[in-house]
Amino acid sequence: MIDILENWTTQVRKGILELCILNALEKQERYGYDLVKILAVLPGLDIKEGTLYPLLSRLRQQGLVATRLEESPEGPARKYYLLTLEGRQTVSLMNEYLEQLYKGSQ
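A brief structural summary. (Residues numbered from 1 in each chain as written. Predicted model: local features only at pLDDT ≥ 70, side-chain atom pairs only at ≥ 80, totals over all residues. Heavy atoms only, no water.)

1. Focus on the packing of helix α1 (residues 2–27) against helix α3 (residues 49–61)
- The geometry of α1 relative to α3 is characterised by a closest axis approach of 11 Å and an angle of 70 degrees between their N-to-C directions. Taken as axis vectors, α1 and α3 run roughly perpendicular relative to one another. Across the interface between the two elements, K14, L17, E18, I21 and L22 of α1 pack against L52, L55, L56, R58 and L59 of α3.
- Among the residues forming the contact of α1 with α3, the class breakdown is seven nonpolar, no polar and three charged. (Axes fitted to C-alpha atoms, helices over the stretch in contact; angles between N-to-C directions. Helix = DSSP H or I, 4+ residues; strand = E, 2+ residues; numbered from the N terminus. Parallel < 35°, antiparallel > 145°, perpendicular 65-115°, else oblique. Contact = heavy atoms within 4.5 Å. Nonpolar A, V, L, I, M, F, W, Y, C, P; charged D, E, K, R; others polar.)

In structure tokens:
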């Protein structure tokens, strides 16, 4: 039973993490470490860069996120992530669905 709960918790966290990343990018484009800092303040979503970057790569491959490089005065160029039109539509649908789930459980 503990294995089932752990697997379920992992899957829920993964879905919520994707939604939180897309929501953070909805407001403005961000670079990876900025996303790590934003997610760190959310309970249970304190992730490391090694977890974030593969997820961002997958979101890019799915067409939800685009990237651009910008030179940084403080070191190497930064890769900024931004939502595509499809990403904006998807995050809106995801938020609506989560809201419906929440309302249905009350």
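Resuming the write-up.
2. Points about the side chain of E18
- Here E18 is to be found in helix α1.
- In contact with E18, other than residues within four places in its own chain, are L55, R58 and L59.

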